[in-house]
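Listed below are the residues making up each chain.
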Amino acid sequence: MSRRTSRTPRGARAGSEEALATVAERRDALVRAREDLEGIAPADALDAAGKMLERLDARTALSAEHTVIGFFGATGSGKSSLMNTLVGEEISPAAVRRPTTRDPHAAVLDPAGADALLDWLEVADRHGVQGGPLHDALARAAADGAGRAARAGRAGSASGAGPAAGMVLLDLPDLDSIQEAHRDIAERMTGMVDVLVWVTDPQKYADRVLHRDFVEPFAGHDAVTLVLLNQIDTVREDERESVRASLEQIVRRDGLEHAPVLAVSAQTGAGLADVRSRFAAVAQAREAIAMRRRADLREAALELRGAADPSGLPDRVSPAAERSLEDALGAAARIEPVAEAVGKAYRHRADARSGWPVVRWLRRVRPDPLGRLHLGADASGGGRGAEARSSLPVPDAATSARASEGLRGFADTVSHEGSDPWRAAVRRSARSREDELPDALDQAVVGADLSRRTRGWWWPVLDVLQWLAMAAWVVGLGWLVLNAVLAFFQVPAPPMPMIRELWVPIPLPTALVVLGVGAGILLAVLGGALAALVSRLHAARARRLLRARVHEVAADLVVGPVQDRLDAARRSATDLAEASGDAPPRRV
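Residues numbered from 1 in each chain as written. Predicted model: local features only at pLDDT ≥ 70, side-chain atom pairs only at ≥ 80, totals over all residues. Heavy atoms only, no water.

## Remarks on the packing of helix α12 (residues 335-354) against helix α19 (residues 508-579)
The interhelical angle for the contact between α12 and α19, taken along N-to-C directions, is 145°, at an axis separation of 8 Å. Pair α12 / α19 crosses with right-handed handedness. In contact with Ile-335, Glu-336, Val-338, Ala-339, Val-342, Gly-343, Tyr-346, Arg-347, Ala-350 and Asp-351 of α12, α19 contributes Gly-528, Ala-531, Ala-532, Val-534, Ser-535, His-538, Ala-539, Ala-542, Arg-543, Leu-546, Arg-547 and Val-550. A per-class count over the contact of α12 with α19 returns 13 nonpolar, four polar and five charged. (Axes fitted to C-alpha atoms, helices over the stretch in contact; angles between N-to-C directions. Helix = DSSP H or I, 4+ residues; strand = E, 2+ residues; numbered from the N terminus. Left-handed = near helix turned anticlockwise from the far one by under 90°. Contact = heavy atoms within 4.5 Å. Nonpolar A, V, L, I, M, F, W, Y, C, P; charged D, E, K, R; others polar.)

Here you go:
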């Protein structure tokens, strides 16, 4: 049979190409979502989506001119007889013995170009149909399409007579066959045909197994589903509509809200003209492939969303969650002991410079608190190497537990409204670099500029005053000692100057001693108070600096991976919505 060159009118082709483009966008969205869901959604859900995408790609690469219509049903529903009557030829053998159909049988209208499609379907029994009532229905559909195009001013876009579309009808093994291989063929074909035709009969139309295992899973495929109640001639005429309505009610309960439910008879031909017209219209419009793929994409997207719904997660990590994490990591980094050591180090250095000179040397004997921890600049003023380590005490069990609990609490706070798979994924991301945290926190403390050698402007002032006070009491004490020595050797001493302005006269040397010692003590007390005040400021500054360093570590090792996971959740939610047809395409 020669291949026809005349196809659908230009307007219809443009609409079909637009639909296929939409399918392509939704397909790409599902691919992206599946990549983001790797390791999160269950493997079986990911595998099912992957197999569906493989089928979609394979079908897209094959003939778009042929609409594949599959007849599915239970044993004895009359699928073979029904297809033979629809086509007008003996395509599939029908007999009393069950099961009759062991292998798929194909009736091909317009066989040209269908071989590759049939090879993919793995259908070896193929019958070309060149005439008959279904062929005539296709021809009428083509003529009607050409007429509508002419009336719309596009008459020149369609030429030639005869059917402009191809069709493949498949008679398939029984869904409830006692032969497992037969059931496998039928189940495989449910995912490969373009149009699903469920065939049942008045005796088995309410069979729960058929509806639960085969009809319900395709609840979202209304647009490419037709339900045929065959053998309606075996029902009394006044009961036929009630039986059909009962089947329709069951089908609606299955989730097929818009799929037509028709009563037909392969024996009398009742209702088959309507079926042929529907088949011809679907084939001529060439939209069944796109509609089936849209339904498959929606089903796969909804399955993935049900397995690992990403919609409950926030777009970004909240500042409150970050602060809570930093508190826990700050405890593990020993921020508070280091900040206290900075304050103590300032007081230590201040006392060594501005304290009472008599006891000042004691401060210099004691080690610097920061130096004891190997923090800050070293004694020579050089910087510490990148691989330097602190001498902070190892965090105790409670501190380590708090850090670990902080990671879990952070992950749970961020993901508390997410689905279980995403909550688990966020926890894994939060702890993905947990082994690096101890060293990174230690380096954050070691690398902080804690200003160990910072000097106070008031140190030299008090230092000069202390030495002046010391000089005063040393001079006064020396004067008194000299007078005592002269008196011991009975050498006349010079007159002793007296300070008579006080309530009792006091020798000048004694006044110098009292004044020098008192001033030194008062200056020491004043210096201690100033050092205590300023040391708190230095400790607060160190605390802020160390917390900022811990913030960087947390952002790099914990918040960053978690934010990446949240970004993946946001992307997958958008892509699943697009793949299911609930949102417009995401433009990059």
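Read on, since the account is not over.
## Concerning the confidence of the model for the protein chain
Detailed conclusions should not be drawn from predicted coordinates in areas where pLDDT is low. Summing up the model confidence of the protein chain, the mean pLDDT is 83 and the portion of residues at 70 or higher is 84%. Segment residues 377-388: pLDDT under 50, and 17 contacts once partners within four positions in sequence are set aside and those in other chains are kept. (pLDDT = per-residue confidence, 0-100.)

## With respect to the side chain of Arg-244
With respect to the element layout, Arg-244 can be found in helix α8 (residues 240-254). Residue classification places Arg-244 among the buried positions, given a relative accessible area of 16%. In this structure the side chain of Arg-244 is engaged in a polar contact, spanning 3.0 Å, whose partner is the side chain of Glu-241. Beyond its immediate chain neighbours, meaning those up to four positions away, Arg-244 contacts Leu-229, Val-261 and Ala-263. (Buried < 20%, exposed > 50% of the residue type's maximum accessible area, 1.4 Å probe, protein only. Polar contact = N/O pair within 3.5 Å; in protein donor to acceptor, adjacent residues only side chain to side chain.)

## Notes on the pattern of salt bridges
In total, this model carries 34 salt bridges according to the counting rule given. Among the salt bridges present, the one from Arg-126 reaches Asp-119, with a minimum N-O distance of 2.4 Å. Its salt-bridge partner being Glu-122, residue Arg-188 comes within 3.7 Å of it at the nearest N-O pair. Here the residue Arg-188 occupies a position in helix α6 (residues 180-190), and Glu-122 occupies one in the loop between α4 (115-121) and β3 (125-129), the gap between them amounting to 66 residues. On the accessibility criterion, Arg-188 (28% relative accessible area) is partly exposed. Three or more residues are tied together by salt bridges with common partners; here these are Arg-59, Asp-194, Arg-292, Arg-293 and Asp-296. (Salt bridge = Lys/Arg side-chain N within 4 Å of Asp/Glu carboxyl O.)

## Brief notes about a negative patch on the surface
Judged by side-chain charge, Glu-35, Glu-38, Asp-44 and Asp-47 come together as a negatively charged surface patch. Mapping Asp-44 onto the fold places it in helix α2 (residues 43-61). (Patch = residues over 30% accessible without salt bridge, like charges linked within 9 Å, V, L, I, M, F, W, Y side chains within 5 Å. Areas by Shrake-Rupley, 256 points an atom, 1.4 Å probe, with all protein chains shown as cover. Lys, Arg positive; Asp, Glu negative; His and termini not counted. Charge placed at Lys NZ, Arg CZ, Asp CG, Glu CD.)

## Structural notes on the packing of aromatic side chains
Tallied over the full model, the rule gives four aromatic pairs. Note on Phe-71 and Phe-279: the rings are 6.1 Å apart at their centroids and 85° apart in plane angle, and the pair reads as edge-to-face. Of the two residues, Phe-71 is situated in strand β1 (residues 66-73) and Phe-279 in helix α9 (residues 272-285); the sequence distance between them amounts to 208 residues. Since its relative accessible area comes to 3%, Phe-279 is described here as buried. Considering the side-chain rings of Trp-198 and Phe-218, the 6.0 Å spacing of their centres and the 50° angle between planes classify their relative orientation as tilted. On the criterion of sequence distance, the pair formed by Trp-198 in strand β5 (residues 195-200) and Phe-218 in the loop between α7 (208-215) and β6 (225-229) is long-range, its members being 20 residues apart. Relative accessible area serves as the criterion here: at 11%, Phe-218 is assigned to the buried category. One aromatic cluster is present, built from ring pairs that chain together Phe-72, Trp-198 and Phe-218. (Phe/Tyr/Trp six-rings, centres within 6.5 Å; stacked < 30°, edge-to-face > 60°.)

## A few points about the sheet that holds strand β2 (residues 105-109)
Spatial ordering of the open sheet is given by β3-β2-β4-β1-β5-β6-β7, a layout of seven strands whose pairing is mixed. Either end of the sheet is taken by a strand with one partner, and the two such strands are β3 and β7 (261-263). For this sheet the average axis-to-axis angle between neighbouring strands, irrespective of direction, equals 20°. Both β2 and β3 contribute to a ladder of five bridges, which runs parallel. (Pairing = 2+ DSSP bridges.)

## Let's talk about the environment of Val-108
Here Val-108 lies in strand β2. Put simply, Val-108 and Val-68 are 40 residues apart on the chain and 9.2 Å apart in space, counted from C-alpha to C-alpha. What Val-108 contacts, discounting residues up to four positions off in sequence, is Ala-114, Leu-118, His-127, Gly-128, Val-129, Met-167 and Val-168.

## A word on helix α11 (residues 319-332)
The α-helix winds at 3.6 residues per turn, so residues separated by three or four positions along the chain end up facing the same way. An ideal rise of 1.5 Å per residue puts 20 Å on 14 residues; α11 measures up with 20 Å between its terminal C-alpha atoms. Within α11, the full set of buried residues consists of Ala-321, Leu-325, Glu-326, Ala-328, Leu-329, Gly-330, Ala-331 and Ala-332. Where α11 terminates, the next one or two residues include Arg-334, which has phi positive at roughly 60°. (Expected span 1.5 Å × (residues − 1).)

## Observations regarding the packing of helix α17 (residues 437-446) against α19
Running from amino to carboxyl end, α17 crosses α19 at an angle of 150°, the nearest separation of the two axes being 9 Å. One way to sum up the angle between α17 and α19 is to call them roughly antiparallel. For the pair α17 and α19, the sense of crossing is right-handed. Contacts from Leu-437, Ala-440, Leu-441, Gln-443, Ala-444 and Val-445 in α17 reach Leu-546, Arg-549, Val-550, Val-553, Leu-557 and Val-558 in α19. Partitioned by chemical class, the residues of the contact of α17 with α19 number 10 nonpolar, one polar and one charged. (Parallel < 35°, antiparallel > 145°, perpendicular 65-115°, else oblique.)

## Focus: unusual backbone geometry
With a phi angle near 60°, Glu-122 is a residue other than glycine that sits in the positive phi range. Its relative accessible area of 54% is what places Glu-122 among the exposed residues. The phi dihedral of Arg-334 is positive, around 60°, even though this residue is not glycine. Tracing the backbone through its elements, the reader meets Arg-334 in the loop between α11 and α12. Note on Arg-334: relative accessible area 17%, which makes it buried.

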